[in-house]
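Close look at the chain arrangement
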Amino acid sequence: MNRNSWLVRRGTAASLALLLVVLAGWQWGPGVLGIPVFIIPPLSAVFEEFLRMLAVSGLMTHTGVTAAEVIAGFLLGSLLGAFFGYVLGMSPTAEFALSPYILALQIAPKVAFAPLFILWMGFTVYPKILVAILIVFFPVMVNVMTAIRNVDPDLINLARAFTATRAQIFWKIEFPASLPPLFAGLRIASTLAVVGVVVGELVGGNLGLGYLLAFGEGQANTAMVFVAILMLTVVGGIAYLAVIVVEQRVLHYLPPRALSGV
Amino acid sequence: MRGQGIVCLDEFWVMSDLVRLEYRNVTMRFAAGSGKALVAVERVSLAVRDGEVVSLIGPSGCGKSTLLNIGSGLYTPSDGAAFVDGERVQGPNAHVAFMLQKDLLLPWRTVLENVMFGVEIQRLGLLERKRRAQALLENFNLAEFAGHYPHQLSGGMRQRVALARTLAVDPSVLLLDEPFSAVDAQTRMVLQRELAQTLKRAGKTALLITHDLLEAVTLSDRVLVMSRRPGRIIDEIRVELPQREDPIARRHAPRVNGYVARLMDRLDIRQADEYAAGASA
């Protein structure tokens, strides 16, 4: 425990020092190296742009739209992924029948569907959510399916010997056993959801941080692009942290070490 | 099979003739590759009387675990049948509980909740469940660990929790498949004594599979020896030693060595090195 807190203190200090070095390098580096402002605007210029965008470009609205799309895509995609993961994990027949199609869909780059969805649904929030759902679906499904398959058969036999019904085996053994891999999938999904939404926004529409990215690019406003990237990172980070907070509540029974890997 | 009572020398107590667990002419074939059948056990008949502890020993793969799975209703035999309390075993039933080498504790359940697992599945009321689990934990000196999770316990404690879970459903028959082979030698002796005392106190009937000849002799009233596959019962040894509830004391009984030697002989130990470790433990 002592060793651990020592590690935390040292690590935090080093982390903060690194942050300061990077920020200072960002502020003064471009000037020193003679890099033009439209390639890398210094930190202060990005911050000014951030304030300007807050005031006049509706930055918070765009961020809110993106965040809402991320949440919707993440939740729906995860639910669908988990559902199919459980079904395919428990039914070898379903898995055998569906696996070639699932594999094909998994290999296809999901973001390439964005233009198609926009053609179908127009410049609304729905195609963005749909791309996110598609991209979130697979890691969650695969993790859940593998978890169900890997449940110790002796554990299931134990429950059966105690005269458990199929439903009891699922709720008392398979479902709880699938939770750690499910959460590992959800962590990945939370960051992938942001990717899906941004690609959707880049392709079409006039709302969201992805739109600001494209808009800034069109205006050659590098600072605006930086602001959009930073805000996207914040949205993704919050989503990731939210998953971890829930995970630590749900999987509180695991030894601490198993949870620490952020 | 043949219904003679066994006299326990320490108490001159004649064991009941009531048969708790019986296998009648049980044969089990598994489908092997290319349409052949693999005969795991062949025409096995045995009976375990009320309160009796019988050990089953034999070479690896001789079908001991298959017999256990048939007894617990997980497998249906190809021929013959198993009976528990005179009822034909048609599937998993509440009269039988089994325990394996693996503790099979659920990591997301506390010790108390793990002990309640079986009775919970059998839909016993919450209060009764808790009462039974707590009583068992007290018995095994685990009460203070009721709220712990399995990963916080030692191997021996986990195995004790597994035993408590097995007993919580109050089965007529316990089927134990090498329950202590994964713990260290000292812990094993302690667990063996706890098991022996518990079985004696509760008057439980048990069929114990083990590789450890000394364990078989010190824990049981009878030892059955199985042959190589296809598994048949080739010998029956009555362990006429006092103090079945104290296997550690039994270890010192002079006749123990004779029983172990006879078992080694029946198992052709000289050819099969795999028993050397088990026999000396």
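Residues numbered from 1 in each chain as written. Chains lettered and ligands numbered in written order. Predicted model: local features only at pLDDT ≥ 70, side-chain atom pairs only at ≥ 80, totals over all residues.

1. With respect to the sheet that holds strand E5 (residues 53-57) of chain B
Residue and element names in this part refer to chain B. The mixed open sheet is built from six strands, whose spatial order is E8-E9-E10-E5-E11-E12. One side of each edge strand has no neighbouring strand; the edge strands of this open sheet are strand E8 (96-99) and strand E12 (233-238). Direction aside, neighbouring strands of the sheet carry axes that sit 20° apart on average. As paired strands, strand E11 (residues 222-226) and E12 are joined by five bridges and run antiparallel to one another. In the strand pairing of E12, Val223 is matched with Ile237. (Pairing = 2+ DSSP bridges. Helix = DSSP H or I, 4+ residues; strand = E, 2+ residues; numbered from the N terminus. Axes fitted to C-alpha atoms, helices over the stretch in contact; angles between N-to-C directions.)

2. A look at the pairing of E8(B)
Along any regular strand the residues' side chains alternate between the sheet's two faces. Residue and element names in this part refer to chain B. Every second residue of E8 is oriented toward a common face, with Val96 and Phe98 on one face and Ala97 and Met99 on the other, all of them buried. Pairing of E8 with strand E9 (residues 173-177) involves four bridges; the strand directions are parallel. The partner of Ala97 across the bridge, within E9, is Leu174. (Buried ≥ 20, exposed ≤ 12 C-beta atoms within 10 Å, placed from the backbone.)

3. Description of the packing of helix H6 (residues 126-149) of chain A against helix H8 (residues 166-203) of chain A
Angle between the axes and distance between the axes are the two parameters that describe a pair of packed helices. Residue and element names in this part refer to chain A. Direction vectors running N to C along H6 and H8 enclose 160°, while the axes themselves pass 7 Å from each other. With respect to H8, the axis of H6 lies roughly antiparallel. Crossing hand, H6 versus H8: right-handed. Looking at side-chain class alone, the contact of H6 with H8 contains 23 nonpolar, six polar and three charged residues. (Parallel < 35°, antiparallel > 145°, perpendicular 65-115°, else oblique. Left-handed = near helix turned anticlockwise from the far one by under 90°. Nonpolar A, V, L, I, M, F, W, Y, C, P; charged D, E, K, R; others polar.)

4. Some thoughts on the confidence of the model for chain B
Residue and element names in this part refer to chain B. The pLDDT averaged across chain B works out to 84; a share of 90% of its residues lies at or above 70. Long-range and interchain partners of residues 1-14, a stretch whose pLDDT sits below 50, account for 19 contacts in this model, where long-range means more than four residues apart. A low-confidence stretch, residues 274-281 (pLDDT under 50), is modelled with 14 contacts involving residues beyond four sequence positions or located in other chains. Among the scores for the predicted complex, ipTM is 0.82 and pTM is 0.82. (pLDDT = per-residue confidence, 0-100. Contact = placed C-beta atoms within 7 Å.)

5. Some remarks on unusual backbone geometry
Residue and element names in this part refer to chain B. With a phi angle near 45°, Arg43 is a residue other than glycine that sits in the positive phi range. Note that Arg43 resides in strand E4 (residues 37-49). A residue is classified by how many C-beta atoms lie within 10 Å of it, and Arg43, with 16 of them, is partly exposed. In this structure, Leu104 takes a positive phi of about 55° despite not being glycine. Relative to the elements of secondary structure, Leu104 occurs in the loop between E8 and helix H2 (111-115).

6. Some details on the nonpolar core
Of all hydrophobic cores here, the largest spans 144 residues; its most connected members are Val131(A), Ala132(A), Val136(A), Ala193(A) and Val115(B). In terms of residue count, the dominant contributor to this core is H6(A) (16 residues). Non-local contacts of Ala193(A), meaning those with residues more than four positions away in its chain, are made with Val70(A), Gly73(A), Phe74(A), Gly77(A), Ala132(A), Val136(A) and Ala239(A). (Core = buried A, V, L, I, M, F, W, Y, C linked by C-beta atoms within 7 Å.)

7. Points about the pairing of E9(B)
Residues and elements named next belong to chain B. The buried fraction of E9 is high, at five of five residues. Alternating positions in E9 separate into two faces, Val173, Leu175 and Asp177 on one and Leu174 and Leu176 on the other, with burial throughout. Looking at chain direction, E9 and strand E10 (residues 205-209) are connected through five bridges and run parallel. Each bridged residue has a counterpart across the sheet, and for Asp177 the counterpart in E10 is Ile209.

8. Observations concerning the sheet that holds strand E3 (residues 19-31) of chain B
Residue and element names in this part refer to chain B. Pairing is antiparallel across the open sheet formed by four strands, whose spatial order is E4-E3-E6-E7. The two strands at the open ends of the sheet, each matched to only one other strand, are E4 and strand E7 (87-88). By the bridge criterion, nine bridges tie E3 to E4 in an arrangement that is antiparallel. In the strand pairing of E4, Val26 is matched with Val44. Across the sheet, helix H1 (residues 64-71) lies against E3, E4 and strand E6 (79-84), angled at about 120° from E3, the strand it touches most.

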